[in-house]
Each structure stands twice: as C-alpha cells, then as structure tokens.
Amino acid sequence: MSARVRLDRLLANLGYGSRREVQGLAARGRVRWDGEVLRDASAHISLDADLPRRLTVHGEPVDPPAPLTLILHKPLGVVCSHKEAGRSVYELFPPRWRARDPALSTVGRLDAETSGLLLVTDDGQLLHRIISPRAAIEKRYIARLARPLRGDEAAVFAAGTLVLEGETTPLAPARLTPRDPTTAELIITEGRYHQVRRMFAAVGNHVQALHRDRIGGLTLPDDLAPGEWRIATPAEIAAVFGG
Ligand code: URA
C-alpha cells in the first residue's frame, strides 16, 4: 500500500511554499487532482508512481516526491557546496527545489574545475551506500596532463602505497590507463580531497582538465550535455553498485 500524506505537507516539502502558502494556492484553485480542482489542503494524497500524472500545480505536473535521484552532467565552473562562493550545481535545478525537504545533496563532490557525472539525491541511505569507503565503488576520471606521462605512473598508483602530501594513510590501489602521452584514464575507489589532481602532482605532473565519466557501472549518458540532468531510473541507480 502506498504512503498517504496531507496535500499541504506534500507541497510544502516539495518547495511550493510554506504550508500556509500552499493552502492559499489550493484555495485559489491552482491545485488539481485528476483534473478536478482540489481546494481542501488537508486532503490526503497517495504517493504512488503516477502522482505527477494525477496532481498538478499551476497546471503543471507536480514535482517528483522523495526519494529523488538525479544524474547531472556537471559543467565546469560550478561548485558542489551551498557554502562555497560561486555558482552552485543546485542553481541548475528549478529554484523551488532548494526548499525541498528532505534536501537534495550531491553524492560526493567534484571540484569547480571538474566536469562530468554527478549524482544528486535526497535519499540519505543511498548517498551513504555510494560514498561509503567500504563500498569501494569505482569512479573513472579522464585527466589531461600538462606533461607527458613518465611511464611508471600505473605501477605507482596500483601499488597501494602512495601517500599524498599532508596525509599518513596510503591510497588504495588505483588503475591508470594511458590514452595518449598527455591523457590518462584513472579509476579510483576513494574520494579524498582533490584526489586525482594530488595523485598526478605526486608523480610530478599537473592536471589541466578533469572529467568523470563513470561511477560504478553507471556511465555518463551521451545525451546529457554539460549542465543537463535527468531523473535516474531504478536500473541506473542499481548500475552504480554493479560496476
Ligand atoms: N579528484 C580531483 O582532484 N577532483 C575532483 O573533482 C574529483 C577527484
């Protein structure tokens, strides 16, 4: 049986306004259920998969309720945190989504100057299952380097003994595959601060451009241009753990 929730609570949690404001929206006839105006904000609504088809606000399908997971092609120049200065990834979504409860969070972070696959979710359990060090989910990066590869990088990264500057615990083994003399694929299973850039710095190089194209078995979809996103399907979420 699906969960039922009061209309005003549902719409307030989806960011359409305070409970009082959404009561006003309903009273003004802006909310419809199966095409019929629904003025009673205390009505209970079933949270089934067909909710956005049945419930409209201002004539538009209601936003998807939690749990919601998004696949974003993070563009360059946006930050993953609400607190950092600069444009944030959250500005790529509809403004009311910033008021959703539970809130949307990025699953780990990419630097402002890193592009590529980023998951955004309001499902705290899912987030922790993906970023948990025990899960050791693979993340694949493509790095463009300032200098040609020396030749020993794959062995250094695979050894599981490399200690990054300022740290004491060695990195887990990582897999490097050269694409050309100044471009490499790197698969890591951790998510330390600026990890890929610091790994290449540790072998005397400098990352000029960095892009993530895979998390577990989920690859960045070809049809998502930088800045574009879509709702992840259950199969796509499962793929993260199948890689
Ligand atoms: N490693 C980095 O250095 N930056 C990222 O954004 C991700 C991994």
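See the structure shown above.
The notes below deal with the structure included here.

Definitions and limits used
- Residues numbered from 1 in each chain as written.
- Predicted model: local features only at pLDDT ≥ 70, side-chain atom pairs only at ≥ 80, totals over all residues.
- Heavy atoms only, no water.
- Helix = DSSP H or I, 4+ residues; strand = E, 2+ residues; numbered from the N terminus.
- Pairing = 2+ DSSP bridges.

### Things to note about unusual backbone geometry
Moving on, step 1. A cis amide bond links Ala 66 to the next residue, Pro 67, at an omega of 0 degrees.
Moving on, step 2. For Pro 67, the location among the structural elements is in the loop between β6 (60-61) and β7 (69-74).
Moving on, step 3. Residues Asp 101 and Pro 102 are joined by a peptide bond in cis, for which omega reads 5 degrees.
Moving on, step 4. Along the chain, Pro 102 falls in the loop between β7 and β8 (105-106).
Moving on, step 5. Despite not being glycine, His 58 has its phi angle at roughly 55 degrees, a positive value.

### So, the sheet that holds strand β5 (residues 55-57)
Either a parallel or an antiparallel arrangement is found when strands of a sheet pair, and the pairing is made through backbone hydrogen bonds.
Moving on, step 1. Spatial ordering of the open sheet is given by β3-β2-β5-β6, a layout of four strands whose pairing is antiparallel. Strands with a single pairing partner mark the edges of an open sheet, and in this sheet they are β3 (36-37) and β6.
Moving on, step 2. Pairing of β5 with β6 involves two bridges; the strand directions are antiparallel. Looking across to β6, one finds that Val 57 is bridged to Glu 60.

Note that every value here comes from positions in space, so none of it alone points to a role or purpose.
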